[in-house]
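Fold and contact review
Here's the letter readout for the chains.
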Amino acid sequence: TPKQVWHAFCMVLLLYCSSSVPYSIAFDTGSSSDGSLTPLQSFEVFLATVFMIDIGLSFVTFYDDQGYPVRDLGRISLHYSRTWLVPDLAGSFPFDMVISSIIDTSGSGGVLQVLRFSRMLKLIRAALFLSKLNKL
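Below or above, wherever it landed, is the structure these notes cover. (Residues numbered from 1 in each chain as written. Predicted model: local features only at pLDDT ≥ 70, side-chain atom pairs only at ≥ 80, totals over all residues. Heavy atoms only, no water.)

Notes on the environment of Ser 81
Mapped onto the secondary structure, Ser 81 falls in helix 3 (residues 73-83). C-alpha of Ser 81 to C-alpha of Phe 59: the two residues are 22 residues apart in sequence and 8.3 Å apart in space. Looking at Ser 81, its side chain comes within polar contact range of the main-chain oxygen of Ser 77, at 2.8 Å. (Helix = DSSP H or I, 4+ residues; strand = E, 2+ residues; numbered from the N terminus. Polar contact = N/O pair within 3.5 Å; in protein donor to acceptor, adjacent residues only side chain to side chain.)

Pasting the structure below:
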């Protein structure tokens, strides 16, 4: 189904993030000397976009409640807002990119590393997704 294809695509991206996020936290991957985005940073923007689209889709995608699919958009939105919205936003929104594009962050590498660390929350979601796959 399209939902399974989307989840598989997101899972591949999450697997990439499982190695790239710790790397970018440990080593400053900085911008290019002329201020433009490096290819790695462009890919990070792509990742952030995909994960933000995934958040939007989570508001309209049914979920299982005790084996029964819930298709009511109000219940879906409420359920997602109460469960995964905050961790998904914290793990998906590129706070470090937004802040570094607004203000000069040349002397605040530590702050940006903390903001990048919030993306590790996506890995929690990946681990839960993998545990669900193991049960199938």
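So, next bit.
Details of helix 1 (residues 2-26)
Taking 1.5 Å per residue, 25 residues should reach 36 Å; helix 1 reaches 36 Å between its end C-alpha atoms and fits that length. Bending of helix 1 peaks at approximately 30° at the position of Cys 17. Residues of helix 1 that are buried: Cys 10, Met 11, Leu 13, Leu 14, Cys 17, Ser 20, Val 21, Ser 24 and Ile 25. (Expected span 1.5 Å × (residues − 1). Bend = angle between axes of the 7 residues up to and from the residue. Buried < 20%, exposed > 50% of the residue type's maximum accessible area, 1.4 Å probe, protein only.)

Thoughts on the packing of helix 3 against helix 4 (residues 85-92)
A pair of packed helices is captured by two measures, namely the crossing angle of their axes and the spacing between those axes. For the pair helix 3 and helix 4, the least separation of the axes is 4 Å and the interaxial angle reads 65°. Seen from helix 3, the contacting residues are Tyr 80, Ser 81 and Thr 83; seen from helix 4, they are Leu 85, Pro 87 and Asp 88. Here the residues of the contact of helix 3 with helix 4 sort into 3 nonpolar, 2 polar and 1 charged. (Axes fitted to C-alpha atoms, helices over the stretch in contact; angles between N-to-C directions. Contact = heavy atoms within 4.5 Å. Nonpolar A, V, L, I, M, F, W, Y, C, P; charged D, E, K, R; others polar.)

As far as function goes, none of this settles anything; it's purely spatial.
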